[in-house]
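Topology and contacts: notes
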Amino acid sequence: MAARLYLFVLFMAGSQLTGAQSVGVCYGMMGNNLPKATEVVELYKSNNITRMRIYDPNQAALQALKSSGIEVLLGVPNSDLQALASSSNANSWVQKNVKSFWPDVKFRYISVGNEVSPNTGATSNLAQFVLPAMRNIHNAISSAGLNDHIKVSTVIDLSLLGNSFPPSQGAFRGDIRGYLDPIIDFLVETKAPLLANIYPYFSYVGNSGELSLKYALFTAPGVVVQDGQKGYRNLFDAMLDALYSAVEKASGAQLQIVVSESGWPSEGGTKTSIDNAKTYSSNLIRHVKGGTPKKLGKAIETYLFAMFDENQKQPELEKHFGLFYPNQKPKYPLSFGGETIGDDSTPKICMFTF
């Protein structure tokens, strides 16, 4: 019986950790009251957060990450895209920000650009540089012998979708296919994932007359959307599967998608509260280990946004996505596979007889 109990405990621990280890946290730095990078890395480690996304090669953060064991999604800022369309600049960038820290820093991905859109917004003039910069960074990584360790991609948002309902009919807008299809071809060729920021919060707020809060927070009691043989109980799955459907239609059927941001603000907007933020984040961590209806059983690598509230972001809503306050106190209890952050209660042990 002891052996059976031991195996059961190991199985339960492993099943909990699988979901947690699929989840990292984004370390944004747009605040004037944030902890030092060394303290931030220690906070990640003490809370069993094993993956981090940073948005630029901040040298203090990279120094602090040395020998931490934390896997890093490193961003190339949009402001650097034009320069990195030059191969010599890309080689210098990789030398300074990657090779100089490897293998002490465990880089996982390099994201070249964030939410660049070719036809709308302030980033439209940068779209022409994204794929050349991706190729140059990839070539520099390959020349350094690191291609098997570090994959090069870019981050999109779901505004590039022309249709997202039902999920099986997800498709990209026709006016961005000339931009995105070659990027998808490149990712398939290099066996790199597509990175996507997915926010059920914003989808819910924009369609609150049609979508329920419970559907957005993973608390719907049953199937909300039936799409053929697939039933959707939460908005996150529906959004991600719509993106998978769009990628398939763009010849990316084998492409993996990594959710590079997802979160729920605790104040500053519609249905923002600490309770809703806690519900969303904790349910997301538990949920991603099981995959979506389209990718059942395949854990979804996901990065929660964000580690801290950032008081220099705009609008007001954007300041309140943090899991922690800048003083490093947790905003609400949350478990990443070890002790629950913000919860000092004694662990409870359940015993079963076989």
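The structure contained in this document is the topic of the report that follows. Please read these numbers as outputs of a predicted model, since none were measured by experiment.

From N to C terminus, the protein includes 11 helices and 14 strands. Sequence separation of at least 24 residues holds for 68% of the intrachain contacts in the protein that already meet a minimum separation of 6.

Another point: helix α7 (residues 177-190). Across its 14 residues, α7 extends 20 Å between first and last C-alpha, which sits within 8% of the 20 Å expected from 1.5 Å per residue. Those residues of α7 lying buried are Y179, L180, D181, I183, I184, F186, L187 and T190. Where α7 is buried, its residues contact α6 (127-143), β5 (151-157), β7 (171-172) and β8 (194-197). After α7 finishes, the residue K191 shows a positive phi value of roughly 60°.

Glancing now at the environment of E71. Along the chain, the position of E71 falls in strand β3 (residues 71-76). Separated by 35 residues in the primary sequence, E71 and K106 have C-alpha atoms spaced 4.9 Å apart. Discounting residues that sit within four places of it in the chain, E71 has contacts with T50, R51, M52, K106 and R108.

Bringing the sheet that holds β5 into the picture now. The parallel closed barrel is built from 8 strands, whose spatial order is β1-β2-β3-β4-β5-β8-β11-β12. When the angles between neighbouring strand axes are averaged without regard to direction, this sheet yields 25°. Here β8 pairs with strand β11 (residues 257-262) via 4 bridges, running parallel. Within β11, the residue paired with L194 across the bridge is I257.

For the rest of this paragraph, the subject is the nonpolar core. Counting residues in each nonpolar core, the largest one holds 110 residues, and the members touching the most others are V98, I137, F172 and F236. Looking at which element gives the most residues to this core, the answer is helix α10 (residues 235-249), with 10 residues. Discounting residues that sit within four places of it in the chain, F236 has contacts with I198, P200, F218, V259, S262, Y280, L284, H287, V288, I300 and T302.

Considering all chains together, one arrives at 1 cavity of 30 Å³ or more under this definition. Roughly 70 Å³ of internal volume is contained in the largest cavity. Every residue lining the largest cavity is listed: L240, Y244, Q256, I257, T292, K295, K298, A299, I300 and E301.

Take the pattern of salt bridges next. This structure, assessed with the given rule, holds 12 salt bridges. With its nearest N and O atoms 3.5 Å apart, the salt bridge here joins K45 to E42. Of this pair, K45 and E42 are both found in helix α2 (residues 37-46), 3 residues apart, which corresponds to roughly one turn of the helix. E301 is the salt-bridge partner of R108, the closest N and O atoms lying 2.8 Å from each other.

Next up on the list: the side chain of E310. Topologically, E310 is positioned in the loop between β12 (302-304) and β13 (334-335). With no salt bridge to any partner, buried E310 finds its closest opposite charge in K313, at an N-O distance of 4.7 Å. Looking at E310, its side chain comes within polar contact range of the main-chain nitrogen of M29, at 3.2 Å.

All right, on to the pairing of β5 then. Judged by how many residues are buried, β5 sits mostly within the fold: 6 of 7 residues are covered. Note that strand β4 (residues 106-114) and β5 share 4 bridges and pair parallel. What sits directly across from Y109, in β5, is K151. For the segment spanning β4, α6 and β5, crossover handedness is right-handed. Judged from the 3 bridges that link them, β5 and β8 form a sheet pairing that is parallel. Pairing of V155 across the sheet is with L195, part of β8.

What counts as what
- Residues numbered from 1 in each chain as written.
- Predicted model: local features only at pLDDT ≥ 70, side-chain atom pairs only at ≥ 80, totals over all residues.
- Heavy atoms only, no water.
- Helix = DSSP H or I, 4+ residues; strand = E, 2+ residues; numbered from the N terminus.
- Contact = heavy atoms within 4.5 Å.
- Expected span 1.5 Å × (residues − 1).
- Buried < 20%, exposed > 50% of the residue type's maximum accessible area, 1.4 Å probe, protein only.
- Pairing = 2+ DSSP bridges.
- Axes fitted to C-alpha atoms, helices over the stretch in contact; angles between N-to-C directions.
- Core = buried A, V, L, I, M, F, W, Y, C linked by side-chain atoms within 4.5 Å.
- 1 Å grid on protein atoms, 1.4 Å probe; cavity = no way out; pocket = protein on both sides within 12 Å on 5 of 7 lines; lining within 4 Å.
- Points joined across faces, edges and corners; volume = space filled by probe spheres on them.
- Salt bridge = Lys/Arg side-chain N within 4 Å of Asp/Glu carboxyl O.
- Lys, Arg positive; Asp, Glu negative; His and termini not counted.
- Polar contact = N/O pair within 3.5 Å; in protein donor to acceptor, adjacent residues only side chain to side chain.
- Right-handed = clockwise from strand over helix to strand, strands pointing away.

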